[in-house]
Structure formats: C-alpha cells, structure tokens
Amino acid sequence: MKIVGGLLLLMLMAVLGIVAKTPTLTRADIRLDEHLVPIRDAVLTLGAKGATAVAQAEVGAVIAVVVPVGLWLLRRRRDALITACLMAGSLAVAFAAKILLAEHRPPQRLWVIPPDNEESFPSGHATVAAAVALLLFLLVRGRLRALVAILGVLFALGVGFARVYLGVHYPVDVVGGYLVAAGVSLVVVGIFDIPSIRRGLEDVGTPASGRHHARRASRTMAERH
C-alpha cells in the first residue's frame, strides 16, 4: 500500500506540474508572489536567503552520502539504505520533473536573488527540505520523535515560504517539491518493508552460524504455534 500511495503522489505531482503551465494558474501564482513584495525587509530577506542556503541540492547530496555512512557504521543498515535512497531518489525525481515539465520561473521583476536554473517546477529546495523533515521522522525514535517531526515540518514550510518570498518560485512549485519527497519516501519505505528485503538486511553482517540459529529458532516457534 505504501508503494502504491507513493506512486499516486508522484502522479499527482506530474499532473500538478502540467496544470501549473496553464495561463490561468500562472497568473494566479504571479498574483500570490506579488502579494509578498510589500512585506519584504532586510531581516526577512536575510532569513529567506539562509533557508535557501541550507536546502540546496548540494546539501541534499551530502546528506545522501554522509548520513547513510554514519548509520551503517552504527549498524542501522536499513535506516542507512532508506536515507540514501530517499534523498537521492527525491533529488533525481525532482531533477527529472524539472527537465520534462520545463515550467518557466516567475517574472524577473520579482526576483530577489537569481534562480539556480531556468526550470521552476518542482522546487528543488522544497524537495530537499521535505525529504529532510521526513528523514528526521523516520530516523528519530522515542520521546523526541514528536518534537523532531514538528521541527521538520516547520523547516520544510519555512524553506517553501522563502523560495516564494524571494520571487524565484511559484507556490505550486513548492507543493510539487513536497509531493516529490512524500511520494519517494513512501515508495522507498514500502520497498524496504517487503519481508524478503527486510530479512536480507537483517542477515547482512550476521555470521552464518547466527543466521542459522535465528532461522532454526524461528521455525521452532512456528511449529509450537
């Protein structure tokens, strides 16, 4: 069900990207961007630039490599692979969608900073921020999980707002980025929840004698029931 749900979210993202190219939605998005122009000031602009800096694609690429290595060394192998696949997959899907949909950026008169590239949908920064938020929820356990989840959501929303505030994205681009991260995360988690894959990961790094003992104990328990 998770895999199907994730694929549906990715399909929704693609449909939203097609709709985003229509003149009606483009005009509505421009009006929303224009409403933010009067509230711009030095402090908000500095904060928006900071949010942009910490959610770049390069940051996502570093997370996709460094965090999995640390988790693997901590013997959290499933979490390591989920992290790598979720972050790398989100970046790849966002990049592919940008190229295929080729949505133009907002008018240059709205830009506070120059955009990273010509394609607007989906927002790569929003994708990275949402992927980080989802990873925090998946990786952190115990009492801190709720707090970390809230902080992750606030981070993702803050980055999304920053990109619109800076005039380099439409609101629909940000939603598209969120859908990419959510869709990919469901697909990745769904794949690693497949029993055969989960068992295979449990066997990695376990001595053969240990695996044999575990399987024999599992069969014994099954026979008792």
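The structure we're discussing is the one just above.
For every chain, the first residue of the written sequence is number 1, and numbering continues from 1 along that sequence. Totals for whole chains, interfaces and linings use all residues, but because this is a predicted model, local features are given only for residues with pLDDT of at least 70 and pairs of side-chain atoms are given and counted only at 80 or more. Side-chain measures were taken over the full set of non-hydrogen atoms in the model, leaving aside hydrogen atoms and water.

Novice: Help me understand the pattern of salt bridges in this model?
Specialist: Side chains that differ in sign of charge can pair as their charged atoms come close. Any carboxyl oxygen of Asp or Glu within 4 Å of a side-chain nitrogen of Lys or Arg constitutes a salt bridge here. Within the structure shown, the criterion is met by six salt bridges. The shortest N-O distance in the salt bridge between Arg109 and Glu34 comes to 2.9 Å. With Arg109 in the loop between helix H5 (77-101) and helix H6 (124-139) and Glu34 in helix H2 (residues 23-36), this residue pair connects regions lying 75 residues apart in the sequence. Partly exposed describes any residue whose relative accessible area lies between the buried limit of under 20% and the exposed limit of over 50%, with all areas from a 1.4 Å probe on protein chains only and scaled to the type maximum. The exposed category is assigned to Arg109, whose relative accessible area is 58%. Note that Arg78 is salt-bridged to Asp193, the shortest N-O span being 2.4 Å. Here Arg78 is found in helix H5, whereas its partner Asp193 is found in the loop between helix H8 (171-192) and helix H9 (195-203), with 115 residues between them in sequence. What you see here is one network of salt bridges that share partners, running through Lys2, Arg78 and Asp193. What counts as a helix is a DSSP run of H or I of at least four residues, what counts as a strand is a run of E of at least two, and both are numbered from the N terminus.

Novice: Mind showing me how you'd approach the nonpolar core here?
Specialist: One recurring pattern in soluble globular proteins: nonpolar side chains tend to sit buried together. Among the buried residues, those of types Ala, Val, Leu, Ile, Met, Phe, Trp, Tyr and Cys that are joined through side-chain atoms within 4.5 Å form a nonpolar core. Residues Ala48, Met87, Ala131, Leu135, Val159, Tyr165 and Leu166 are the most contacted members of the largest nonpolar core, which totals 28 residues. Taken together, the elements giving at least two residues each to this core come down to helix H3 (42-54), helix H4 (57-73), H5, H6, helix H7 (144-165) and H8. Top element by residues in this core is H6. It accounts for nine residues. Residue contacts for Met87: discarding those within four places in its chain leaves Gly60, Ile63, Ala64, Val128, Ala131, Val132 and Leu135. Listed in part, the 20 residues of the second largest apolar core include Leu16, Ile30, Ala97 and Val172. In this analysis, two residues are considered to be in contact whenever any of their non-hydrogen atoms come within 4.5 Å of each other.

Novice: Just checking my understanding: could you explain the packing of aromatic side chains for this structure?
Specialist: By convention here, two paired aromatic rings are described through the distance between centres and the angle between planes. Between the rings of Phe, Tyr and Trp (Trp by its six-membered ring), a pair exists once the centres lie within 6.5 Å; its type follows the angle of the planes, with under 30 degrees stacked, over 60 edge-to-face, and the other angles tilted. If you walk through the whole model with that rule in mind, you get one aromatic pair. The side chain of Arg40 reaches across the aromatic face of Tyr165, ending 5.9 Å from its centre. The residue whose ring lies beneath Arg77 is Trp72, and the NZ or CZ to ring-centre distance is 5.5 Å. Two conditions define a charge located above a ring, namely a distance within 6 Å from the ring centre to NZ of Lys or CZ of Arg, and an angle within 35 degrees of the ring normal.

Novice: When you look at the side chain of Ser90 in this model, what are you seeing that I'm missing?
Specialist: Within the secondary structure, Ser90 is located in helix H5. What makes Ser90 buried here is its relative accessible area of 1%. Residue contacts for Ser90: discarding those within four places in its chain leaves Cys85, Thr127, Ala131, Val180, Ala181 and Val184.

Novice: What is the right way to look at the packing of H6 against H7 in this model?
Specialist: Think of two packed helices as two axes; the pair is described by the angle between the axes and how far apart they sit. Here H6 crosses H7 at 180 degrees, and the two axes come no closer than 8 Å. Between H6 and H7, the crossing angle belongs to the class labelled roughly antiparallel. From H6, His125, Ala126, Ala129, Ala130, Val132, Ala133, Leu136, Phe137 and Leu138 reach across to H7, where they touch Arg145, Val148, Ala149, Gly152, Val153, Phe155, Ala156, Val159 and Arg163. An axis is simply a line fitted to the C-alpha atoms; with a helix, the fit covers only the stretch in contact. Between two such axes, the angle follows the N-to-C directions and lies from 0 to 180 degrees. We call two directions roughly parallel when the angle between them is under 35 degrees, roughly antiparallel when it is over 145, roughly perpendicular when it lies between 65 and 115, and oblique otherwise.

Novice: I tried to follow H2 on my own but got confused; where do I start?
Specialist: Because an α-helix completes one turn every 3.6 residues, residues spaced three or four positions apart along the sequence face the same direction. Helix span, as expected, comes to 1.5 Å for every residue beyond the first. Look at H2: 20 Å from first C-alpha to last across 14 residues, which is about the 20 Å you get at 1.5 Å a residue. Those residues of H2 that sit buried are Thr26, Asp29, Ile30, Asp33 and Leu36. Here the buried residues of H2 occupy an arc of 110 degrees about the axis, which is enough to place them on one side. Among the exposed residues of H2, those oriented more than 90 degrees off its buried face are Thr24 and His35. This arc is built from the directions going out from the helix axis to the C-beta atoms.

Novice: How should I be thinking about the environment of Asn117 in this particular structure?
Specialist: One can find Asn117 in the loop between H5 and H6. Distance in space between the C-alpha atoms of Asn117 and Arg105 is 8.8 Å, their sequence separation being twelve residues. For Asn117, the residues in contact, after removing those within four places along its chain, are Lys98 and Arg105. Nitrogen and oxygen atoms within 3.5 Å of one another constitute a polar contact, given that in protein one can donate a hydrogen and the other can accept it, and given that sequence-neighbouring residues count only through two side-chain atoms. For Asn117, the side chain forms a polar contact with the side chain of Arg105, separated by 2.8 Å. Looking at Asn117, its side chain comes within polar contact range of the main-chain nitrogen of Glu119, at 3.4 Å.

Novice: Quick question: what am I supposed to make of the side chain of Asp33 here?
Specialist: Counting through the fold element by element, Asp33 comes out in helix H2. All tallies of charge rest on Lys and Arg as positive and Asp and Glu as negative; His and the ends of each chain are not included. No salt bridge forms around the buried Asp33; measuring N to O, its nearest opposite-charge neighbour Arg40 is 6.9 Å away.

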